[in-house]
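Structural overview
Read off the chains here:
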Amino acid sequence: MKLLLSTTLFLLNAFFCIPAFAEKADRDKPISLSSEKASFDDVRQIYHLEVDVLLIKGTLIIRGESADVKIDPEGYQLATIFAKPGSLATLRQRRDTGLDEYIEGQADWIQYDAKSETAVLVGKAKMSQLSGTKISDQVNGDRIHYDGQTEKYNALSEKLVKSTLSPRRKESSRNISQ
């Protein structure tokens, strides 16, 4: 049974690896944090934020109710953002396509690693690709790993990963000049 579950999770992970094209300029941006309450341990380089937490790094925006942020010796941040009970933490990032396209995600908690430019969404996880305000693709699972460097995300679930993929149509060239 465990082998079947492991094999199923591996196959779902392999099949639902979808490109996401994160905004490249975000890599060089600093992380900005805000909340209503904050405590800092400068010796251990740990920051705890509470109530209306907002993390911004370029076009990446993550919101939640509380967060723990750890700074590694190289100065990179590892932020874990938790949702308010009965709610979900959210993530949004502009795609680097030159169009009005975004990646949006939500989960019980989100962990963002600034060094590897990855986000892990855990618990009732959902990620969507948007063109303007229209959802083009969507993936739901127990855990979603979003990688800003490889421009892919992977979904895992103990039951089923559910996805909706929209067809890609190219604009008709007949209307260009008449």
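Criteria and thresholds
- Residues numbered from 1 in each chain as written.
- Predicted model: local features only at pLDDT ≥ 70, side-chain atom pairs only at ≥ 80, totals over all residues.
- Heavy atoms only, no water.
- Helix = DSSP H or I, 4+ residues; strand = E, 2+ residues; numbered from the N terminus.
- Buried < 20%, exposed > 50% of the residue type's maximum accessible area, 1.4 Å probe, protein only.
- Contact = heavy atoms within 4.5 Å.
- Salt bridge = Lys/Arg side-chain N within 4 Å of Asp/Glu carboxyl O.
- Phe/Tyr/Trp six-rings, centres within 6.5 Å; stacked < 30°, edge-to-face > 60°.
- Lys NZ or Arg CZ within 6 Å of the ring centre and 35° of its normal.
- pLDDT = per-residue confidence, 0-100.
- Core = buried A, V, L, I, M, F, W, Y, C linked by side-chain atoms within 4.5 Å.
- Pairing = 2+ DSSP bridges.

Helices and strands together make up the secondary structure of the chain, namely one helix and 13 strands. Ordering the α and β elements of the chain from the N terminus gives α-β-β-β-β-β-β-β-β-β-β-β-β-β. Counting across all 178 residues of the chain, residues that qualify as buried make up 37%. The long-range fraction of contacts in the chain, counting pairs at least 24 apart against all pairs at least 6 apart in sequence, stands at 48%.

So, about the pattern of salt bridges. One pass over the full model with this rule turns up six salt bridges. Salt-bridge contacts for Arg92 lead to Glu104; the nearest nitrogen and oxygen are separated by 2.2 Å. Here Arg92 is found in strand β7 (residues 89-94), whereas its partner Glu104 is found in strand β8 (residues 101-107), with twelve residues between them in sequence. Of the residues examined, Arg92 reaches a relative accessible area of 30% and is grouped as partly exposed. Given the relative accessible area of 29%, Glu104 is considered partly exposed. Residue Lys124 is joined to Asp108 by a salt bridge in which the shortest nitrogen-to-oxygen separation is 3.1 Å. One end of the pair, Lys124, is in strand β10 (residues 118-131); the other, Asp108, is in the loop between β8 and β9 (109-113), with 16 residues separating them in the sequence. Taking relative accessible area as the criterion, Lys124 reaches 60% and is therefore assigned exposed. You can call Asp108 partly exposed: its relative accessible area is 27%.

Describing an aromatic ring pair means giving the distance of the ring centres and the angle of the ring planes. Under the counting rule described, the total for this entry stands at two aromatic pairs. When the ring of Phe40 is compared with that of Tyr47, the centres are 4.9 Å apart and the planes differ by 70 degrees; the resulting orientation is edge-to-face. Here Phe40 falls in the exposed class, since its relative accessible area comes to 54%. One residue, Arg92, lies across the ring of Tyr102, its end atom 3.8 Å from the ring centre.

The next thing to look at is the confidence of the model for the chain. When pLDDT is averaged along the chain, the result is 81, and 79% of the positions lie at 70 or above. Summarising per-element confidence for the chain, the mean pLDDT is lowest in helix α1 (residues 2-15) (37) and highest in β9 (97). Below a pLDDT of 50 lies the segment residues 1-21, which in the model reaches 39 contacts outside its immediate sequence neighbourhood of four places, other chains included.

Next up on the list: unusual backbone geometry. Despite not being glycine, Glu117 shows a phi value in the positive range, around 55 degrees. Of the residues examined, Glu117 reaches a relative accessible area of 14% and is grouped as buried. The phi angle at Lys124 is positive, at roughly 50 degrees, despite the residue not being glycine.

Let's shift gears to the nonpolar core. In this structure, Ile62, Leu91, Ile110, Leu121 and Met127 are the most contacted members of the largest nonpolar core, which totals 29 residues. Leave out the neighbours within four places in its chain, and Met127 touches Leu91, Ile103, Glu104, Gly105, Leu121, Asp137, Gln138, Val139, Ile144, Tyr146 and Tyr153.

Position of Glu117 among the secondary structure elements: in the loop between β9 and β10. It is 5.2 Å that separates the C-alpha atoms of Glu117 and Gly148, two residues lying 31 residues apart in sequence.

The next thing to look at is the pairing of β10. Within a regular beta strand, the side chains point alternately toward one face of the sheet and then the other, so they alternate between its two faces. The element β10 is extensively covered by neighbouring structure, given that eleven of its 14 residues are classed as buried. Where β8 meets β10, six bridges bridge the pair, whose relative direction is antiparallel. In the strand pairing of β10, Ile103 is matched with Gln129. One ladder, built from five bridges, connects β9 with β10; its direction is antiparallel. Pairing of Trp109 across the sheet is with Val122, part of β10.

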